[in-house]
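Close look at the chain arrangement
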Amino acid sequence: MERLKGAIIVGFLRLFSSLPFALAQRFGAAAGWLMWKLPTRSREVVRTNLRHCMPELSAAELEDLVGRTLLDTGRSFAESACAWMWKPQKTVGLIKEVEGLEVLQAALANGRGIVGITSHLGNWEVLNHWYCSQCSPVIFYRPPKQKAVDDLLKKQRVQLGNKVAPSTREGIISVMREVRKGGAVGIPADPEPALKSGVFVPFFAVQALTSKFVPNLLKGNDAQAIYLHCLRLPDNAGFKVVVEAAPEALYSDDADAAVASMSKTIESYVRRWPSQYMWSMKRFKKRPPGEKKWY
């Protein structure tokens, strides 16, 4: 059954990637609209997350953001299908603007390890290709459940000579080695970790279990951290990459303070482009002791 599911998913990815980009985006947005209008799990997760994280929104404002979020989520899936299947150069061609390129260039020039931090905002698959076109990082990722999809992604994500590292013990070790030898890595900082691997820090109006991996990786190394995001342009005709040097607080010896700094920076990006965040992710599945579960 899992093999069949994987084959169906790969088939849909190939179908979307065969469409002109603008048409693929429209189909993705249509799928997102259906997720909004039908009683789907994604819609309820988005509503739950936004209701807790943005309590200042009125009922009408909340529902409007739920709708825009699911349309953007559908676009992200369609765009990712194209990014996975196309030649990387074609995907990189979708990027029309780069803000802060000099930050990455300076980091590459000084020869120290680079920890590229991103989140599930905008399109991280398009970002992967752009980042890999600038250097040869090790991309850290959480493997999908379907083996066929994982096999496909492992193949497609290394077309530019970079490497990938799954979120396993071996993958973690390979990322640490790459940073210590002065290489570059890319890490999504917002997936919810195991309790032992994270701390609860503020994210919007709530406490969110957040991984300690990035601050631990920076501790004791002469590495530098940068934030990388790839945002959808207003006319949906392409993307803008934003690069920013991490604030000094991320390098704090106080692990909780460093993680809180990382969460605060990611929140600042999400507040600027709220509908482009993957609010359909069960980001708050684990709650502090004594707090009621959300989902």
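What comes next concerns the included structure. Note that the coordinates shown come from a computational prediction; the quantities given were computed from them, not determined experimentally.

1. Here's the deal with a positive patch on the surface
- Together, Arg41, Lys145, Lys282, Lys285 and Lys293 give the surface a local cluster of positive charge.
- By the element assignment, Lys293 lies in the segment after helix H11 (255-272).

2. Quick look at unusual backbone geometry
- One non-glycine residue, Phe204, adopts positive backbone phi at about 60 degrees.
- By secondary structure assignment, the location of Phe204 is in the loop between strand S6 (198-203) and strand S7 (206-211).
- The backbone of Asn236 shows a phi angle near 60 degrees, a positive value even though the residue is not glycine.

3. Some points on the pairing of S7
- Judged by how many residues are buried, S7 sits mostly within the fold: five of six residues are covered.
- With six bridges joining them, S6 and S7 adopt antiparallel strand pairing. Along S7, the bridge assignment pairs Val199 with Thr210.
- Between the end of S6 and the start of S7, which pair antiparallel, lie two residues, with Phe204 showing a positive phi angle near 60 degrees.

4. A word on a nonpolar patch on the surface
- A surface patch of nonpolar side chains, amounting to about 300 Å² of accessible area, comprises Trp33, Leu34 and Leu38.
- Residue placement: Leu38 occurs in the loop between helix H2 (21-37) and helix H3 (41-53).

5. Considerations on the packing of aromatic side chains
- Under the defined criterion, the tally for this structure stands at eleven aromatic pairs.
- Geometrically, the ring pair formed by Phe204 and Trp279 is edge-to-face, given 5.5 Å between the ring centres and 70 degrees between the ring planes. In this pair, Phe204 is assigned in the loop between S6 and S7 and Trp279 in the segment after H11, connecting sequence segments 75 residues apart. Just as Phe204 is buried, Trp279 falls in that class too.
- Chaining the aromatic ring pairs together yields one cluster made of Phe203, Phe204, Tyr277, Trp279, Phe284, Trp294 and Tyr295.
- Lys37 extends its terminal NZ or CZ atom over the ring of Trp36, reaching a point 3.9 Å from the ring centre.
- Above the face of the Trp86 ring, Lys90 is positioned so that its terminal group lies 4.2 Å from the ring centre.

6. Quick look at helix H7 (residues 124-134)
- Most of H7 is tucked away: nine of the eleven residues are buried.
- Residues of H7 that are buried include every one of Trp124, Glu125, Val126, Leu127, Asn128, His129, Trp130, Tyr131 and Cys132, and no others.
- The N-cap of H7, judged by a side-chain oxygen 3.0 Å from the amide nitrogen of Glu125 a few residues on, is Asn123.

7. Side note on the side chain of Arg75
- Note that Arg75 resides in helix H4 (residues 59-85).
- Contact partners of Arg75, with chain neighbours within four places excluded, come to Gln25, Gly28, Ala29, Arg232 and Asn236.

8. Quick look at the nonpolar core
- Residues Val115, Ile117, Val175, Ile187, Leu250 and Trp279 are the most contacted members of the largest nonpolar core, which totals 48 residues.
- The residues touching Trp279, leaving out its near neighbours within four places in the chain, are Val45, Val46, Asn49, Leu50, Cys53, Met54, Thr69, Phe204, Val270, Pro274 and Phe284.
- If you look at the next biggest cluster of nonpolar residues, it comprises 25 residues, including Cys82, Trp86, Ala107 and Val243.

9. Things to note about the packing of H3 against H4
- Between H3 and H4, the shortest axis-to-axis distance is 10 Å and the interhelical angle comes to 130 degrees. When the interaxial angle is binned, H3 and H4 end up oblique. Relative to H4, H3 is oriented so that their crossing is right-handed. Each of Ser42, Arg43, Val46, Arg47, Leu50 and Arg51 in H3 lies in contact with H4, whose residues at this interface are Leu62, Glu63, Leu65, Val66, Thr69 and Leu70.
- Considering only residue class, the contact of H3 with H4 consists of six nonpolar, two polar and four charged.

Each value, and the rule that gives it
- Residues numbered from 1 in each chain as written.
- Predicted model: local features only at pLDDT ≥ 70, side-chain atom pairs only at ≥ 80, totals over all residues.
- Heavy atoms only, no water.
- Patch = residues over 30% accessible without salt bridge, like charges linked within 9 Å, V, L, I, M, F, W, Y side chains within 5 Å.
- Areas by Shrake-Rupley, 256 points an atom, 1.4 Å probe, with all protein chains shown as cover.
- Salt bridge = Lys/Arg side-chain N within 4 Å of Asp/Glu carboxyl O.
- Lys, Arg positive; Asp, Glu negative; His and termini not counted.
- Charge placed at Lys NZ, Arg CZ, Asp CG, Glu CD.
- Helix = DSSP H or I, 4+ residues; strand = E, 2+ residues; numbered from the N terminus.
- Buried < 20%, exposed > 50% of the residue type's maximum accessible area, 1.4 Å probe, protein only.
- Pairing = 2+ DSSP bridges.
- Phe/Tyr/Trp six-rings, centres within 6.5 Å; stacked < 30°, edge-to-face > 60°.
- Lys NZ or Arg CZ within 6 Å of the ring centre and 35° of its normal.
- Polar contact = N/O pair within 3.5 Å; in protein donor to acceptor, adjacent residues only side chain to side chain.
- Contact = heavy atoms within 4.5 Å.
- Core = buried A, V, L, I, M, F, W, Y, C linked by side-chain atoms within 4.5 Å.
- Axes fitted to C-alpha atoms, helices over the stretch in contact; angles between N-to-C directions.
- Parallel < 35°, antiparallel > 145°, perpendicular 65-115°, else oblique.
- Left-handed = near helix turned anticlockwise from the far one by under 90°.
- Nonpolar A, V, L, I, M, F, W, Y, C, P; charged D, E, K, R; others polar.

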